[in-house]
Amino acid sequence: MAKGSSRKSRKLNPPKNRPSKLRDEDRDSPDAYRAQVTLLIDLPLDMLCEIFKLLAPLDLLQLSRTAKSFRKFLMNRNSKSIWTYVLSAVEDLPPCPKDLSEPQYAYLMFTNHCHNQECLLPLSKLGEHEDLLLYLEARTQLCRACSLVHFKRWQELPKKVPLALAEFVPATTNRLTEDELAKPYYKRRGSLKSQIAKDKRTRFHVNTALSLCADYKKTKGAQEKKAWMEEQRKIWLAKEESANVCERYFNKVREREVQRAELLKEKRREQIREKLRALGWAHELDLFQGQLPFAYSWDFPAKELTEEEWEEMEDSMVASMEMRKEKRIKTNIRGLLLDRIDTWVKPTYSSFFFSQPPNTILPSIHEVCLTEAFRTPLCTLPLDQGLTADLFENAIAGLPTFAEAWRNNRIEQVLKVVRKSAAYKKNPAGDIEADTVLPLASTIFHCADCKQKITYPSILVHQCLFVQSWQPKPQDFAGSIGMPTPVVPHGIKIPGVPSITDDVSLMLLTKSSVGIWKGMKRVKFDDKVHQHMLAMLDALGWSRGTTRREMEEKQPYVECLCQCFDEVRTGAKKIPHLTRSAVRRSAKGTGKNPVTIPSAVDVSEPILTKKRKAARWTKAIQSCGGHKHSEPHPECFAKLEGQNLVLATTIEQARQQPSWTRVLDCFMCMARSGFTRDGLENHLLLEVEHPDGINGVKAYANESNLWKFHMHSAEMYVDLEDHSS
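Residues numbered from 1 in each chain as written. Predicted model: local features only at pLDDT ≥ 70, side-chain atom pairs only at ≥ 80, totals over all residues. Heavy atoms only, no water.

K.L.:
For this particular structure, what's the right way to read the environment of Lys-152?
P.N.:
Locating Lys-152 in the fold gives a position in strand S3 (residues 151–152). With relative accessibility at 29%, the residue Lys-152 sits in the partly exposed group. On a C-alpha basis, the gap between Lys-152 and Val-206 in space is 6.4 Å, while along the polypeptide they are 54 residues apart. Aside from chain neighbours lying at most four places away, what touches Lys-152 is Leu-157, Arg-203, Phe-204 and Val-206. Looking at Lys-152, its side chain comes within polar contact range of the main-chain oxygen of Leu-148, at 3.3 Å. (Helix = DSSP H or I, 4+ residues; strand = E, 2+ residues; numbered from the N terminus. Buried < 20%, exposed > 50% of the residue type's maximum accessible area, 1.4 Å probe, protein only. Contact = heavy atoms within 4.5 Å. Polar contact = N/O pair within 3.5 Å; in protein donor to acceptor, adjacent residues only side chain to side chain.)

K.L.:
What should I look at first to understand the sheet that holds strand S6 (residues 444–447) in this one?
P.N.:
Backbone hydrogen bonds are what pair the strands of a sheet, in a parallel or an antiparallel way. Across the sheet, which stays open at both edges, the three strands sit in the order S7-S6-S10 with antiparallel pairing between neighbours. Looking at the sheet topology across the chains shown, the edges are occupied by strand S7 (453–455) and strand S10 (523–525). For this sheet the average axis-to-axis angle between neighbouring strands, irrespective of direction, equals 35°. Inspection of the sheet shows S6 paired to S7 by three bridges, in the antiparallel sense. Bridge pairing in S7 places Phe-445 opposite Ile-454. Where helix H17 (residues 399–419) meets the sheet, its contacts fall on S6 and S10, and the angle it forms with S10 comes to roughly 55°. (Pairing = 2+ DSSP bridges. Axes fitted to C-alpha atoms, helices over the stretch in contact; angles between N-to-C directions.)

K.L.:
Quick question: what am I supposed to make of the packing of aromatic side chains here?
P.N.:
Aromatic rings in a pair are described by how distant their centres are and how their planes are angled relative to each other. According to the stated counting rule, one finds 15 aromatic pairs in the structure shown. Geometrically, the ring pair formed by Phe-374 and Phe-392 is tilted, given 6.3 Å between the ring centres and 40° between the ring planes. Taken together, the residues Phe-374 in helix H15 (residues 372–380) and Phe-392 in the loop between H15 and helix H16 (393–397) connect sequence positions 18 residues apart. We note that Phe-374, like Phe-392, is buried. Linked through ring pairs, Tyr-349, Phe-353, Phe-354 and Tyr-700 together constitute an aromatic cluster. (Phe/Tyr/Trp six-rings, centres within 6.5 Å; stacked < 30°, edge-to-face > 60°.)

K.L.:
I would appreciate a short explanation of helix H2 (residues 45–53) in the present structure.
P.N.:
The set of residues buried in H2 consists of Leu-48, Cys-49 and Phe-52. Down the axis, H2 shows its buried residues gathered within 100° of arc, on one side only. (Arc of directions from axis to C-beta.)

K.L.:
Help me understand the packing of helix H6 (residues 102–110) against helix H11 (residues 222–278) in this model?
P.N.:
H11 packs onto H6 with a crossing angle of 50° between their chain directions and a minimal axis gap of 12 Å. In terms of orientation, H6 lies oblique with respect to H11. With respect to the hand of their crossing, H6 and H11 are arranged in right-handed fashion. Each of Tyr-105, Met-109 and Phe-110 in H6 lies in contact with H11, whose residues at this interface are Cys-246, Tyr-249 and Phe-250. Taken together, the residues that form the contact of H6 with H11 break down as six nonpolar, no polar and no charged. (Parallel < 35°, antiparallel > 145°, perpendicular 65-115°, else oblique. Left-handed = near helix turned anticlockwise from the far one by under 90°. Nonpolar A, V, L, I, M, F, W, Y, C, P; charged D, E, K, R; others polar.)

Just distances and angles here, no functional claims.
Following this line, the structure appears as structure tokens:
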């Protein structure tokens with residue numbers, strides 16, 4: 001110990017008139033706080049130094065602000081060893097840069113408030129989408145508002161600064177204004193647009209720019225300025241290197257925080273599992289490998305579970321566990337029911353399915369299973385009980401009768417639409433039968449949803465007439481719209497599944513997605529197309545009683561003559577019909593929608609070169625609509641014969657129509673999306689077994705023509721010989 005030293009001399013200079021004792025009621029008063037600080041100051045200096053070394057850098061920085069004595073001691077150069085020791089204790093923290101003191105370095109790296117002395121806004125008081133921006137090269141940390149004050153675009157600096165100094169001035173491309181925050185972020189960082197946007201919002205540190213400018217102006221002579229520039233370049237490179245090292249440190253800190261948060265979250269999950277096991281849910285948790293139900297929020301603070309938090313979430317957690325248990329039991333029941341259907345229903349249905357002609361309207365397998373004859377042995381007997389063939393004898397024997405009644409029910413709904421049409425409403429209802437009217441080529445329906453024109457029997461599988469139900473309910477089949485007779489549920493009870501109260505609900509578990517027939521409300525008989533079709537048959541010289549099948553077998557091509565095809569034949573858009581008032585308004589430039597009249601066209605007598613166009617009868621019927629103006633000739637179509645028919649047939653057969661323009665239906669599953677012809681073949685090979693094997697399935701798919709959707713607009717016209725008219 002040095003001469004003249006004493007215990008008192010190694011204390012910090014204490015304030016005078018300090019109180020000796022504190023009453024309990026004064027401990028929270030300002031005087032009590034000062035007394036506590038005084039007691040700390042009274043400790044020996046070597047003991048204080050050891051205490052200081054145990055503190056974190058931020059705690060030591062805050063301690064220096066509690067008393068003048070602490071500040072005077074800790075901000076002294078003689079305390080550098082304390083700061084160096086405290087900073088070195090921080091894991092992965094880079095060494096202090098040469099241009100900063102240790103307290104300045106701690107202030108830069110560990111504080112969480114704006115460094116602008118007029119602001120000092122803490123991070124906790126910033127908005128939800130706000131943040132503090134750390135500028136390591138500028139040795140400061142600012143909020144967005146203060147960043148706009150301390151960082152300016154080069155042309156907006158308070159004084160004119162030589163552009164050569166820009167490489168030594170800290171800059172930022174952060175989005176600081178409301179307009180910049182509202183602009184989109186470019187996904188490609190190296191794109192030209194992204195670089196241009198960054199250049200426009202580049203801002204420079206004002207204080208650094210002005211300080212460098214002042215030093216630069218003080219430097220005289222070219223050699224001195226060159227040396228000064230080299231020195232500043234070295235300083236800047238050192239700052240950049242220090243900033244990069246600090247950035248890597250912050251990345252490591254964030255990684256450790258994420259790992260720590262994940263450990264706390266996992267501990268919280270385990271605490272919840274223990275609580276659930278104590279309530280008797282251990283078996284359910286083990287079945288799902290400890291996974292918690294969806295009701296448990298994953299957006300929670302990384303901390304351990306408290307009793308108050310568990311009391312708040314206990315009810316919802318138990319309800320979620322009960323729901324998950326019910327869902328698990330339903331899944332098991334669904335598997336058992338599907339096994340029963342595959343064993344006792346699907347083979348019988350498949351044999352009946354392939355025994356009918358390819359385009360016969362049939363009920364789907366889920367509608368067959370909903371009949372009481374099949375539903376009773378499938379759903380009412382215990383699911384763990386084995387079934388025998390004699391339980392399904394009556395159901396199998398009645399399958400053809402049910403299919404006929406089901407088909408007649410759908411056909412009757414179609415006939416009601418035909419009987420209401422203008423073409424048939426005068427005919428006796430008894431004369432309009434399915435065998436006489438529906439097969440005709442002139443019986444064409446119009447869908448109000450997709451605007452397609454549809455023939456029979458494709459109307460019965462048209463996709464717009466089915467609603468796709470992902471969770472079908474018994475009431476969806478309660479009426480007689482889809483089924484020939486209402487489906488009457490029978491009450492049952494299944495332990496652990498209170499939501500299933502009848503056999504229909506149990507049967508519907510086997511279908512996660514069902515196309516449910518919703519009737520013919522959105523479909524009407526198209527009287528205009530009916531007349532067009534009759535005109536086409538007359539032009540072809542065929543009987544008006546020609547059926548749709550006969551038309552498809554012959555695949556006739558017709559020449560399109562009526563005004564509905566003028567745009568196709570001329571290659572130019574139609575000129576709208578102009579009234580005299582519309583022409584007068586256009587000449588004056590007034591009116592809401594002035595009409596522009598082409599100068600090269602005489603509106604009254606347009607002279608257009610028309611090409612001869614041919615199309616299949618389905619394409620022609622789809623495109624030919626109602627005529628608002630009288631035709632110059634009554635014929636809408638003309639028959640193709642000889643070389644023209646050969647040309648149209650050859651060109652059309654050479655074209656490859658996209659498969660997605662025609663979608664077939666599978667009655668077995670009634671999938672809303674339908675299948676292409678190859679898709680239907682693969683689907684049937686996976687679902688059922690044909691008596692003739694793969695060849696039988698291919699033959700069935702090739703003969704199928706029940707289109708759920710047919711995009712006739714994808715069919716192309718055929719160019720014939722040109723002539724002017």
